[in-house]
Protein chains: 2
Amino acid sequence: MADVARLAGVSHQTVSRVVNGHPNVREETVLRVRRAIEELGYHRNSTARALVTRRTNVLGVIAFDTTLFGPAQTLSGIERAAREAGYFLSMVSLDDVSPDGIVAAAEYLVQQSVEGCVAIAPQRSLVDALAALPGPHPLVAVEGGEGSGLPVVCVDQVQGAHDAVRHLLELGHTTVHHIEGDPLWLESEARVVGWRRALEEAGAPAPEPLQGDWSPRSGYALGRSLVARRAEGERVTAIFVGNDQMAIGVLRALHEAGLRVPGDVSVVGFDDVPEAEFLTPSLTTVFQDFAQVGKESLALLLGEIGTERNGSPGPSATERRVVPARLRVRGSSGPPPP
Amino acid sequence: MADVARLAGVSHQTVSRVVNGHPNVREETVLRVRRAIEELGYHRNSTARALVTRRTNVLGVIAFDTTLFGPAQTLSGIERAAREAGYFLSMVSLDDVSPDGIVAAAEYLVQQSVEGCVAIAPQRSLVDALAALPGPHPLVAVEGGEGSGLPVVCVDQVQGAHDAVRHLLELGHTTVHHIEGDPLWLESEARVVGWRRALEEAGAPAPEPLQGDWSPRSGYALGRSLVARRAEGERVTAIFVGNDQMAIGVLRALHEAGLRVPGDVSVVGFDDVPEAEFLTPSLTTVFQDFAQVGKESLALLLGEIGTERNGSPGPSATERRVVPARLRVRGSSGPPPP
DNA sequence: AGCAACAGTGTTAACGCTCACATGGAGGAA
DNA sequence: TTCCTCCATGTGAGCGTTAACACTGTTGCT
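No experiment lies behind these values; they were computed from the predicted model shown.

A. Inspection of the pairing of strand β6 (residues 177-180) of chain A at higher detail. All names here are of chain A. Alternating residues of β6 divide into H177 and I179 and H178 and E180, and every residue in both groups is buried. Where β6 lies against strand β8 (residues 238-241), 3 bridges are found, and the strand directions are parallel. Opposite H178, over in β8, you have F240 as the bridge partner. By the bridge criterion, 2 bridges tie β6 to strand β7 (residues 210-211) in an arrangement that is parallel. Considered in β7, the bridge of E180 is made with Q211.

In structure tokens, the structure reads:
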């Protein structure tokens, strides 16, 4: 910067003003400085800038398994929104779900002086661990449940599940079995709630849900166990599955047992992965607007940062933004066999 | 830091030494300082540290569509390796494939003073744009093709495709049709090369490959067009599809046409997504060790950073590391109909 | 004319840390 | 003893930037 100033025949402060687009600089001076910057290939040192402004312009993201469809989509949405807002993103993804891990991750981000953090924390234990932590701050939880004391953005899992199950009941099924995802996940919990509520509203009995782990493998295994129960005489005509990947496993299990979908059994998934439409049969499922979730969570975080900077007293109102889910009816759901 | 020093009754420099684990500090002093740090909740300011050491400890990642299976997995591998090496990760993902976009992304990372960068750059134009850029440096390209002048880590796409096609030929198919991914992608190109080579080696004719875009939708559309050609009398008994998602679309198209897999037509995919095993029929595909790719690319990058720091003369040898692909034979491939 | 307001620029002091060097004392070899 | 070495610690400078303020000259108002 000193070199640029010398070449342009001005003070370093004027260079700073030009770089930061301050208004009160003569046009001609601006040009001269710009030329000098160009010539020397100068670009400002963000570190020094951060040191003096006390703003790093970096936001942290704590994610858990970004190879899953939902988190990957959400991350992508967050990334885009962050970039548009002029923030950099520092990411740390958790290997396991131990509170230790999330504490270490938070430590790591605090150490990097992030200005705020979005945590894709789909499990209650993680959310609680985060809420108990001193830093980083501000912090927004994606898919964090209620009552954590953290601001939260989430898809309306309950409504999505409710819609899916009501759809099946309206087709004439007397009840709907449920294969849930990893029971430690909040999403899984919420979908169970929605499923149960829809059954209750219809006065239908609620069979015990089966617990999976989101993987196609677990869907397959649990699908087989439902097939076995059907063979023993239990009436299983509709299955609401916690996500599309498990639903794929379920379809497989049904197919192997010679059962037809939706002729004998209807299947509804959750997520609306791109391939859902092209499975055989195409999968009825629930669409979640993850991009929107990412966008909203960043907006919320930026809001928090803003109010903090204006010196808000104590912890801010823990806002909760809910993004609606949307049922996508396709070929895997139909009326029950007579 | 000054506060800590005062509380511990030492100089700021001694605090610095304790924080950085320097050897020559008396044990008792270390304890005293540690206690003071604890008490004040101090943690060092990474910005100030970076300013003076000229090391940000941040690596950049340029990715393109991290919602796709491969990039997401690779990113995850890179993330883990970076954290183990004590580096932070700053991510920018590209919306479109324009060279402008990648230039902006690079600019963005340079501006943040990353120490090095991994680019998941699956298209030739992107690799070329990157290679032409002044910064960031050092730079490692994942899946970047040959001849770009950049160090590259990639899966052996040619070998993977070759294995898949040879597998089909050995089952007795007289030729293998190919639905390729987005033709702009280097992976797509390489798989075409492997496919063609295997056909040539077997003296089999090579029908013109069909160009998709990796999506299930395109797989479905192209699958239908192959079905149509079959109806016109062309012998289509085996299809090697550029990725598993498109293969799902192809399976759908075949199923709709009443064709059986593998009875009438064999299908082989690429990627080995988790659900491949649980499709109906389970999908024969090619496994890519993305985690390994991520790990290797980071190792390569750290190597570059190391040699640069030791003042290597000019650009380093552009190393190229190739991770083998592995065929996973499952239910969707079998001998051709008589 | 006299004064205020303001545009355009420069000067100085931080920001919080590490590096290079200085200091002082303990221990060992000549 | 004397000198040299090594450990433990302190001192001062400087990393590259921006904030705050000071300074000049011009404009506009009374």
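B. Layout of the protein's contact with DNA strand C. The immediate surroundings of DNA strand C are formed by 26 residues, with A:T29, A:R54, B:M1, B:S16 and B:Y42 found nearest. Of all atoms in DNA strand C that approach within 4 Å of the protein, 63% are sugar or phosphate atoms. In this structure, a phosphate oxygen belonging to DNA strand C sits 2.8 Å away from a side-chain N or O atom of A:T14. A distance of 2.6 Å separates a phosphate oxygen of DNA strand C from a polar atom in the side chain of B:Y42. Taken together, the elements giving at least two residues each to the surface near DNA strand C come down to α2 (12-19) and α4 (46-53) of chain A together with α2 (12-19) and α4 (46-53) of chain B. Counting residues per element, the surface near DNA strand C draws most heavily on α4(B), which supplies 5 residues.

C. Region of interest: the state of the cysteines. All names here are of chain A. If you walk through the whole model with that rule in mind, you get 0 disulfides over all chains. C154 provides the cysteine sulfur closest to C117, a residue in no disulfide bond, and the two sulfurs are 17 Å apart. Residue C117 is classed as buried on the basis of its relative accessible area of 0%.

D. Focus on the nonpolar core. Core analysis: the largest hydrophobic core is formed by 102 residues, its most contacted members being A:I62, A:I179, A:V267, B:I62, B:I179 and B:V267. Setting aside residues no more than four positions away along its own chain, A:V267 makes contact with A:I239, A:V241, A:A247, A:V250, A:L251, A:L254, A:V261, A:L283, A:T284, A:S332 and A:S333. In this structure, A:I120, A:W195, A:A325 and B:V61 belong to the second largest nonpolar core, which totals 78 residues.

Analysis parameters
Residues numbered from 1 in each chain as written. Chains lettered and ligands numbered in written order. Predicted model: local features only at pLDDT ≥ 70, side-chain atom pairs only at ≥ 80, totals over all residues. Heavy atoms only, no water. Buried < 20%, exposed > 50% of the residue type's maximum accessible area, 1.4 Å probe, protein only. Helix = DSSP H or I, 4+ residues; strand = E, 2+ residues; numbered from the N terminus. Pairing = 2+ DSSP bridges. Near = heavy atom within 4 Å. Polar contact = N/O pair within 3.5 Å; in protein donor to acceptor, adjacent residues only side chain to side chain. Disulfide = S-S within 2.5 Å. Core = buried A, V, L, I, M, F, W, Y, C linked by side-chain atoms within 4.5 Å. Contact = heavy atoms within 4.5 Å.

Keep in mind that these numbers describe shape and distance, not what the molecule does.
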